[in-house]
Amino acid sequence: MLEVTDLQVHFTTRQGTGRAVDGVSFNLERGETLGLVGESGCGKSITALSIIGLHPRPASRVVCGEIELDGESILALSKREMRKVRGERISMILQDPLTSLNPVLTIGKQVGEPLRLHRNMDRSASRNRVIELLRQLHIPGPESKLDDHPHQFSGGMRQRVVGAIALAADPDLLIADEPTTALDVTLQAAFLAHLRAIQRARGLAILFITHDFSIIAKMCDRVAVMYAGKIVETGPTAKLLSSPEHPYTQALLESVPSVDRGRKRLNSIGGSPPSIYDLPKGCTFEPRCSYAMDRCRESYPLQFDIADDHSVSCWLLE
Amino acid sequence: MNHPDPIIGVRELKKHFPVGGGTLLPRKERKFVRAVDGVTFNLYAQETLSLVGESGSGKTTTARMILRLIAPTSGRVVFEGEDVAELRGTKLRRYRASVQAVFQDPWSSLNPRKRAESIIAEPIVINQPLPKAELQVRVEELLAAVGLGPTVMRHYPHEFSGGMRQRIAVARALALNPSVIILDEPVSALDVSIRAQIMNLLRDLQESFRISYLLIAHDLATVRYLSDRVAVMYLGRLVEVAPSEELFENPMHPYTQALIAGSRSTTMVDEEAARLLASDIPSPVKPPSGCAFYARCPVSVAARSHDPIFYKRTVTERPELIEVRPGHLVACHQFDPKD
């Protein structure tokens, strides 16, 4: 349904040209969830924003690549057409529910906006639909909440309202950028369960950006691991988490604590990711990689398919 | 575990903040948020005790009372047999030196106008003045202890990454050889790859400096990695206290079970449980008279139809924190021997 091919997004600043997204390709089917993981600054969010045409401009631009939605390119669309895509087919949930709602508009107005603008509903039809949406996301007493403002809601409820807005116009694709980071564990579990149920009912495709592997394990069918603007490994979730092949994926998995792993000592990854303004000539992970070889310094590794749906960009697998 | 004397004892600690008209209103109409509502626990030598719970459960307020940054409404914090609120002069200074803190956000906890060396030296200059040359050596030692070289001394906080700043905050906390460090969400503002470094550092320092940590965190993976014992808070009260392994393998309170299930990668919360969990935390201004968790508790909700007597108890009677196994305390009617 969504097909991204060789996407490159560059930033042009006083420091020169920064390759924030440097040749990313992936696809996403209806009803499927793809997880995008990596450290901060590896290009996850810029990839997501460029899909809906909201990457910061004029600082950054898509210099090459293709994004297709149901076989149709959406990169060349006019502003007006793109707005229609954003309203009707792709929507996005951002990390922080406290800043993604408008504090001076009522909840009813904000959730109803996509319905009125993109589904041509009148006041009473949209009102009924908003109540139904809020109920689906388990907001208690939705009829009485329509005229409330965001500050009257708790964090967990606000994030559910943000979810209701994103799902209002019944999109085909939802991009969720760390949607639960600001929530407490219990609310996080609840929000993910709601999202999962709605996904099943509607065949929604989800692109899930997170750095939390426990969420990946629960939510995603497939995972793509990003490092310095490139996808270094992609595969089915269970396989990638249990037998990661790329040294970066391995290192990342060994550096995060988890409730299931107890007190076993963590291995942190030494050094830091390279600057996007000054990427190494060869493999971008080479300076931090414990398996680095001469070859890695010379050229960026090809992508090797080690199984159906599992591919890795590392010379070790040649 | 066999612990003789606690370093810090917290006894029936309460903090009620006035809300609305607060103390201007006639006594009867005053309203209070019961941020901390009767908390008792011990912190022993060289252990890490974690306080976990949702935002608003009173974790940070408890820590601030221990640090004597705010005064409790009632109850006591006991240090070496003395009530911390009564400490004056030299004794108070000694307490402040013994109990240090590292806060969540290293962007706001370091003075942007001071160099790393004066940030780390400040507690020493104030409490145990040293000649300049010795001070210099001491700062270098502290930097080395947190894995930083002497070259960073002349730099300002804005020149450092988040991980380095947090190392400097830790070095400052170590400056006076404290016996306790309160860690308030020490890694949650850091990037994933840096977290492991800081968590390993904290574990190593605990061993070499023989410090006790009181860790406040909402991320259970961090808690499990660092803790010896865990205390779970809900709405200003403790609902479960147990050794870390025991708590994660055998959580007894339904709230703890929900927290752990939510953090595990293998368990997906089902729709019904999710709906219950998502119902909001009751107001700490008017907490329920029974168990504070009953409205979100699957056990209580299930009992509503087939065990009305039990259900009524959860709604009307506040469960006591009872030791159900050695070292494992739970406040839940399911485990109350009065049944």
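The notes below deal with the structure included here. The structure presented is a predicted model; accordingly, all values stated were derived computationally and were not measured. Residue numbers run consecutively from 1 along every chain, following the written order of its sequence. The lettering of chains begins at A and the numbering of ligands begins at 1, in the order of writing. Predicted model: local features are reported for residues with pLDDT of at least 70 only, side-chain atom pairs are reported and counted for 80 or more only, and whole-chain, interface and lining totals are derived from all residues.

**Structural notes on the overall build of chain A**
In plain terms, the rule: Helix and strand definitions here come from DSSP, where helices need a minimum of 4 consecutive H or I residues and strands a minimum of 2 consecutive E residues; each element is numbered from the N-terminal end. For the radius of gyration, the atoms used are the C-alpha atoms, and the globule rule reads 2.2 Å times the number of residues raised to 0.38. Partly exposed residues are those whose C-beta has more than 12 but fewer than 20 other C-beta atoms within 10 Å; with 20 or more the residue is buried, with 12 or fewer it is exposed, and the C-beta atoms are placed from the backbone. For every residue pair, C-beta atoms are placed from the backbone, and the pair is scored as a contact if these atoms sit within 7 Å.
When helices and strands are counted, chain A shows 11 helices and 12 strands. The C-alpha atoms of chain A give 21 Å as radius of gyration, which agrees with the globular expectation for 318 residues (20 Å, within 12%). In terms of overall dimensions, chain A has C-alpha extents of about 65 × 50 × 40 Å along its principal axes. For chain A, the residues scored as buried account for 47% of the 318 residues in total. Across chain A, every contact between residues at least 6 apart in sequence was considered, and the portion connecting residues at least 24 apart equals 63%.

**Some remarks on unusual backbone geometry**
Backbone torsion omega between Arg-57 of chain A and Pro-58 of chain A reads 10°, so that peptide bond is classified as cis. By secondary structure assignment, the location of Pro-58 of chain A is in the loop between helix 1 (44-51) and strand 4 (60-69). The phi angle at Asp-6 of chain A is positive, at roughly 45°, despite the residue not being glycine. Within the secondary structure, Asp-6 of chain A sits in strand 1 (residues 2-13). Of the residues examined, Asp-6 of chain A has 11 C-beta atoms within 10 Å and is grouped as exposed. A positive phi angle, near 60°, is found at Gln-46 of chain B, a position not held by glycine.

**Brief notes about the interface of chain A and chain B**
We count it as follows: All residues other than Ala, Val, Leu, Ile, Met, Phe, Trp, Tyr, Cys, Pro, Asp, Glu, Lys and Arg, Gly among them, are scored as polar; the first ten of these are nonpolar and the last four charged.
Taken together, the 35 residues of chain A in the interface contact 35 residues of chain B. Ranked by the residues each element gives to the side of chain A that touches chain B, the list is headed by helix 7 (residues 185-202) of chain A, at 9 residues. Across the side of chain A that touches chain B, the residue classes tally to 15 nonpolar, 14 polar and 6 charged.

**Thoughts on the sheet that holds strand 7 (residues 180-184) of chain B**
All names here are of chain B. Put simply, the rule reads: A pair of strands counts as paired when DSSP detects no fewer than two bridges linking them. Note on method: axes are straight lines fitted to C-alpha atoms, helices fitted across the in-contact stretch only, with angles between N-to-C directions ranging 0 to 180 degrees.
Here we have 8 strands laid out as an open sheet, ordered 6-7-8-3-9-10-12-11, and mixed in their pairing. Each edge of the open sheet carries a strand with a single partner, namely strand 6 (99-102) and strand 11 (322-325). For this sheet, the mean inter-axis angle between neighbouring strands, taken without regard to orientation, is 25°. Inspection of the sheet shows strand 11 paired to strand 12 (residues 328-330) by 3 bridges, in the antiparallel sense. Among the inter-strand pairings, Glu-323 is bridged to a residue of strand 12, identified as Leu-329.

**What to know about the pairing of strand 3 (residues 48-52) of chain B**
All names here are of chain B. Most of strand 3 is tucked away, with 5 of its 5 residues classed as buried. With burial as the criterion, each face of strand 3 is covered, one bearing Thr-48, Ser-50 and Val-52 and the other bearing Leu-49 and Leu-51. Judged from the 4 bridges that link them, strand 3 and strand 8 (residues 212-216) form a sheet pairing that is parallel. Paired with Leu-51 across the strands is Ile-216, a residue of strand 8. As paired strands, strand 3 and strand 9 (residues 229-234) are joined by 4 bridges and run parallel to one another. If you follow Leu-49 over to strand 9, its bridge partner there is Arg-229.

**Thoughts on the nonpolar core**
Within soluble globular proteins, side chains that are nonpolar tend to cluster in buried spots. Note the following rule: Nonpolar cores are identified as sets of buried Ala, Val, Leu, Ile, Met, Phe, Trp, Tyr and Cys residues joined via C-beta atoms within 7 Å.
Counting residues in hydrophobic clusters, the biggest one holds 183 residues, and the most contacted among them are Leu-207 of chain A together with Leu-214 of chain B. Those residues in contact with Leu-207 of chain A, other than ones at most four positions away along the chain, are Leu-28, Leu-34, Leu-36, Ala-48, Leu-173 and Ile-175 of chain A.

**What about the pairing of strand 4 (residues 74-79) of chain B?**
Residue and element names in this part refer to chain B. Relative to strand 4, strand 1 (residues 6-19) runs antiparallel, the two sharing 5 bridges. Its bridge partner lying in strand 4, Arg-11 is registered against Arg-76. Where strand 4 lies against strand 5 (residues 82-83), 2 bridges are found, and the strand directions are antiparallel. Paired with Val-78 across the two strands is Asp-83, which belongs to strand 5. If you look at the hairpin formed by strand 4 and strand 5, you'll find 2 residues sitting between the two strands, and Glu-80 has a positive phi there, around 45°.

**Some words on the environment of Arg-64 of chain B**
Residues and elements named next belong to chain B. Structurally, Arg-64 can be placed in helix 1 (residues 59-66). Look at Arg-64 and you get partly exposed, because 19 C-beta atoms sit within 10 Å. Each C-alpha atom, one on Arg-64 and one on Ile-182, is 9.4 Å from the other, the two residues being 118 residues apart in sequence.

**Focus: the packing of helix 3 (residues 107-118) of chain A against helix 4 (residues 123-136) of chain A**
All names here are of chain A. Here is the rule we go by: The hand of a helix crossing depends on one turn: near helix anticlockwise from the far one by less than a right angle means left-handed, and clockwise means right-handed.
Two elements in contact, helix 3 and helix 4, have axes whose closest approach is 9 Å; the angle formed by their N-to-C orientations is 115°. Between helix 3 and helix 4 lies a crossing whose hand is right-handed. Two secondary-structure elements touch here, helix 3 through Gly-108, Val-111, Gly-112, Leu-115 and Arg-116 and helix 4 through Ser-126, Arg-127, Arg-129, Val-130, Leu-133 and Leu-134. Among the residues forming the contact of helix 3 with helix 4, the class breakdown is 5 nonpolar, 3 polar and 3 charged.

**Some remarks on the packing of helix 7 of chain A against helix 9 (residues 254-263) of chain B**
What counts, and what does not: We call two directions roughly parallel when the angle between them is under 35 degrees, roughly antiparallel when it is over 145, roughly perpendicular when it lies between 65 and 115, and oblique otherwise.
Two numbers describe how helix 7 of chain A lies on helix 9 of chain B: the axes approach to 8 Å, and their chain directions differ by 60°. Here helix 7 of chain A lies oblique to helix 9 of chain B, going by the angle between them. As helix 7 of chain A packs across helix 9 of chain B, the resulting crossing turns out to be left-handed. Facing helix 7 of chain A, whose interface residues are Val-185, Thr-186, Gln-188 and Ala-189 of chain A, helix 9 of chain B presents Ala-258, Leu-259, Ala-261, Gly-262 and Ser-263 of chain B. Looking at the contact of helix 7 of chain A with helix 9 of chain B, its residues break down into 5 nonpolar, 4 polar and no charged.

**Re the sheet that holds strand 1 of chain B**
All names here are of chain B. The strand order across the open sheet built from 4 strands is 2-1-4-5, with neighbouring strands paired in antiparallel fashion. The two strands at the open ends of the sheet, each matched to only one other strand, are strand 2 (31-44) and strand 5. Examined bridge by bridge, strand 1 and strand 2 share 11 bridges and lie antiparallel to one another. Along strand 2, the bridge assignment pairs Phe-17 with Val-33.

**A short note on helix 1 of chain B**
Residues and elements named next belong to chain B. Counting buried positions along helix 1 yields 6 of 8 residues, so the element is predominantly enclosed. Every buried residue belonging to helix 1 is among Lys-59, Thr-61, Thr-62, Ala-63, Met-65 and Ile-66, and all of these are buried. One or two residues past the end of helix 1 sits Arg-68, with phi positive at roughly 60°.

**Describing the environment of Ile-126 of chain B**
Position of Ile-126 of chain B relative to the elements: it lies in helix 3 (residues 116-127). Separated by 64 residues in sequence, Ile-126 of chain B and Thr-62 of chain B place their C-alpha atoms 26 Å apart.

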